[in-house]
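What the coordinates show
This is what each chain is made of:
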Amino acid sequence: MTAITALRAINDRLNASLRQVVEELTDEQLLYRAPAIDERSLEEVAFHAYESLLEFAATVEGKPWPAAPVVPDTAAGIISQLNEMSLMVDEILMALPESALEQEVTLLWGQQIKGLDAIADGLEHGLIHVGTIKGIRAIGGFPTPPETY
């Protein structure tokens, strides 16, 4: 298995996990905030989880950070946008030569890091936010669905 194949598999897992923790929420519940965990709403945290990964992947691809898309205001819109962002990351990964993962890149704030580490960090960051969303849901009284994987 190549590193890119593994990164794509983790990207798929991130997308499935994010969809699972937001898909049964109402539009009103998506606006819920639990400042003890995160100042952002559930929808903002979900969106941020993928936005960071997409930005890191674009950097490794050698392109500027994409403009931040507008956060949809419905559960269906959030899920659609998460799927689209996941597909964008997957397309970047499919087009990357393995050698790009060994190249040093400079992130927006000046940190230099290898391409593999940047993308892996973006995936890890996204998965951490899946847990954040579960915590916010619990505080709000919106239990998470049982894990299906």
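How each quantity is defined
- Residues numbered from 1 in each chain as written.
- Predicted model: local features only at pLDDT ≥ 70, side-chain atom pairs only at ≥ 80, totals over all residues.
- Heavy atoms only, no water.
- Helix = DSSP H or I, 4+ residues; strand = E, 2+ residues; numbered from the N terminus.
- Rg over C-alpha atoms; globule rule 2.2 N^0.38 Å.
- Buried < 20%, exposed > 50% of the residue type's maximum accessible area, 1.4 Å probe, protein only.
- Contact = heavy atoms within 4.5 Å.
- Areas by Shrake-Rupley, 256 points an atom, 1.4 Å probe, with all protein chains shown as cover.
- Lys, Arg positive; Asp, Glu negative; His and termini not counted.
- Charge placed at Lys NZ, Arg CZ, Asp CG, Glu CD.
- Salt bridge = Lys/Arg side-chain N within 4 Å of Asp/Glu carboxyl O.
- Phe/Tyr/Trp six-rings, centres within 6.5 Å; stacked < 30°, edge-to-face > 60°.
- Patch = residues over 30% accessible without salt bridge, like charges linked within 9 Å, V, L, I, M, F, W, Y side chains within 5 Å.
- Core = buried A, V, L, I, M, F, W, Y, C linked by side-chain atoms within 4.5 Å.
- Expected span 1.5 Å × (residues − 1).

Check the secondary structure of the protein and you find four helices and four strands. Of the regular secondary structure in the protein, the N- to C-terminal order runs α-β-β-α-α-β-β-α. Against the 2.2 N^0.38 benchmark of 15 Å for 149 residues, the protein shows a C-alpha radius of gyration of 15 Å, consistent with a compact globule. Along the first, second and third principal axes, the C-alpha atoms of the protein reach 45 × 30 × 25 Å. Of all 149 residues assigned to the protein, the portion counted as buried reaches 45%. Taking the intrachain contacts of the protein between residues at least 6 apart in sequence as the baseline, contacts between residues at least 24 apart amount to 72%. For the protein, the accessible area works out to roughly 7500 Å², and carbon and sulfur atoms hold 55% of it. Charge centroids of the protein, computed over 9 positive and 23 negative side chains, lie 3 Å from each other.

Turning our attention to the pattern of salt bridges. Scanning all chains against the criterion turns up five salt bridges. Asp 38 serves as the salt-bridge partner of Arg 40, at 2.8 Å between the closest nitrogen and oxygen. Under the relative-accessibility criterion, Arg 40 is labelled partly exposed at 27%. Among the ionic pairs, Lys 114 bridges to Glu 102, the shortest N-O distance being 3.4 Å. On the criterion of sequence distance, the pair formed by Lys 114 in strand β4 (residues 112-114) and Glu 102 in the loop between α3 (75-95) and β3 (104-106) is long-range, its members being 12 residues apart.

Okay, the packing of aromatic side chains next. Two descriptors summarise a pair of aromatic rings, namely the distance from one centre to the other and the angle between the planes of the rings. Scanning all chains against the criterion turns up two aromatic pairs. Geometrically, the ring pair formed by Tyr 32 and Phe 142 is edge-to-face, given 5.4 Å between the ring centres and 85° between the ring planes. Residue Tyr 32 is located in the loop between α1 (3-22) and β1 (33-34), and its partner Phe 142 is located in the segment after α4 (115-140); the two are separated by 110 residues in the primary sequence. Taking the relative accessible area as the measure of exposure, Phe 142 reaches 14% and is therefore buried.

It is worth spelling out a negative patch on the surface at this point. Taken together, the side chains of Glu 104, Asp 117, Asp 121 and Glu 124 define an acidic patch exposed on the protein surface. At three residues, α4 tops the list of elements feeding residues into the negative patch. On the accessibility criterion, Asp 121 (33% relative accessible area) is partly exposed.

On to the nonpolar core. The nonpolar side chains of soluble globular proteins are, as a tendency, buried together. Counting 41 residues, the largest nonpolar core has Leu 18, Val 22, Tyr 50, Leu 96 and Ile 119 as its most contacted members. Elements that contribute at least two residues to this core include exactly α1, α2 (42-61), α3 and α4. Excluding its chain neighbours within four sequence positions, the residues that come into contact with Ile 119 are Leu 7, Leu 53, Ala 57, Val 60, Leu 93, Leu 96 and Leu 101.

An ideal rise of 1.5 Å per residue puts 30 Å on 21 residues; α3 measures up with 30 Å between its terminal C-alpha atoms. If you check which residues of α3 are buried, you get Ala 75, Gly 77, Ile 78, Ile 79, Gln 81, Leu 82, Met 85, Ser 86, Val 89, Asp 90, Ile 92 and Leu 93. Residues of α3 that are buried make contact with α1, α2 and α4.

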